[in-house]
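# Results of the structural survey
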Amino acid sequence: QVQLVESGGGLVQAGGSLRLSCAASGPTFNTYAMGWFRQAPGKQRELVASITTDGRTNYADSGKGRFTISRDNAKNTVYLQMNSLKPEDTAVYYCNADHPVLRGVRYWGQGTQVTVST
């Protein structure tokens, strides 16, 4: 089982940037596909971006051109660089890891709050 700890959230003005980090425990981080989701008040959790074990990335339309997901397997960490932030990006951002063998098994971090002010 992998444990995930997010950091880097905070309050930022519209147009600003934040870099979220997700540190994972365990020696097999490089075998997990990783991703970032977010959940705004009263809304369902939604995918923001994902990255495969070999570095292929996928983005929700809301973040294309503004967000970049990356991973550093040597540091057991996945990042989400968020630029040109908008008030509608305000949400709790969660890191996830998908089990490499057990399909459908997904681990979550505790979340980090991102608030974008006008």
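For the structure, see preceding data.
Summary of the structure given here. Values in this document were obtained by computation on a predicted structure and should not be read as measured data.

It is worth spelling out the packing of aromatic side chains at this point. Under the defined criterion, the tally for this structure stands at 3 aromatic pairs. Put simply, the rings of Phe37, Tyr94 and Trp108 pair up and form one aromatic cluster. Its end group placed over the ring of tryptophan 108, arginine 45 keeps NZ or CZ at 4.6 Å from the ring centre. Taking NZ or CZ as reference, arginine 71 lies 4.7 Å from the ring centre of phenylalanine 29, over its face.

We now examine the sheet that holds strand S8 (residues 77–82). Pairing within the open sheet is antiparallel, and its 4 strands lie in the order S1-S3-S8-S7. Each of the sheet's edge strands pairs with one partner strand only, and the pair in question is strand S1 (4–7) and strand S7 (67–72). Taking each pair of neighbouring strands and ignoring which way they run, the sheet shows an average axis angle of 15 degrees. When S1 meets strand S3 (residues 18–24), the two strands line up antiparallel, connected through 4 bridges. Residue pairing for S3: serine 7 is matched across the bridge by serine 21.

For the rest of this paragraph, the subject is the pattern of salt bridges. Per the stated rule, a full pass over the model turns up 6 salt bridges. Between arginine 38 and glutamate 46 there is a salt bridge, and its shortest N-O distance comes to 2.7 Å. As a salt-bridge pair, arginine 106 and aspartate 98 come within 2.6 Å of each other at their nearest N and O atoms. Among the ionic contacts, a cluster of salt bridges with common partners joins Arg38, Glu46, Arg66 and Asp89.

Once that is clear, we can look at the state of the cysteines. This structure, assessed with the given rule, holds 1 disulfide. Across a sulfur-sulfur distance of 2.1 Å, cysteine 22 and cysteine 95 are joined as a disulfide pair. Residues cysteine 22 and cysteine 95 are joined by a disulfide whose S-S torsion is about -80 degrees; by sign, that bridge is left-handed. With cysteine 22 in strand S3 and cysteine 95 in strand S9 (residues 91–98), the pair connects residues that are 73 residues apart, well separated along the chain.

About the criteria used
- Residue positions are given per chain, counted from 1 along the sequence in the order it is written.
- Totals for whole chains, interfaces and linings use every residue, but because this is a predicted model, local features are given only for residues with pLDDT of at least 70 and side-chain atom pairs only at 80 or more, for both listing and counting.
- The basis for every side-chain value is the complete set of heavy atoms in the structure, and neither hydrogens nor water enter the calculation.
- When the centres of two rings from Phe, Tyr and Trp lie within 6.5 Å, Trp using its six-membered ring, the rings pair. Their planes under 30 degrees apart give stacked, over 60 give edge-to-face, and anything left gives tilted.
- Lysine and arginine charges are scored as sitting over a ring when NZ or CZ, respectively, is within 6 Å of the ring centre and within 35 degrees of the ring normal.
- The pairing criterion is simple: DSSP has to find at least two bridges between the two strands.
- Each helix corresponds to a stretch of at least 4 residues labelled H or I by DSSP, and each strand to a stretch of at least 2 residues labelled E; elements are numbered beginning at the N terminus.
- Convention adopted: a line fitted to C-alpha atoms gives each axis, helices being fitted over their contacting stretch, and angles between N-to-C directions are expressed from 0 to 180 degrees.
- Only one rule defines a salt bridge in this text: a Lys or Arg side-chain nitrogen within 4 Å of an Asp or Glu carboxyl oxygen.
- Criterion for a disulfide: a pair of cysteine sulfur atoms within 2.5 Å.

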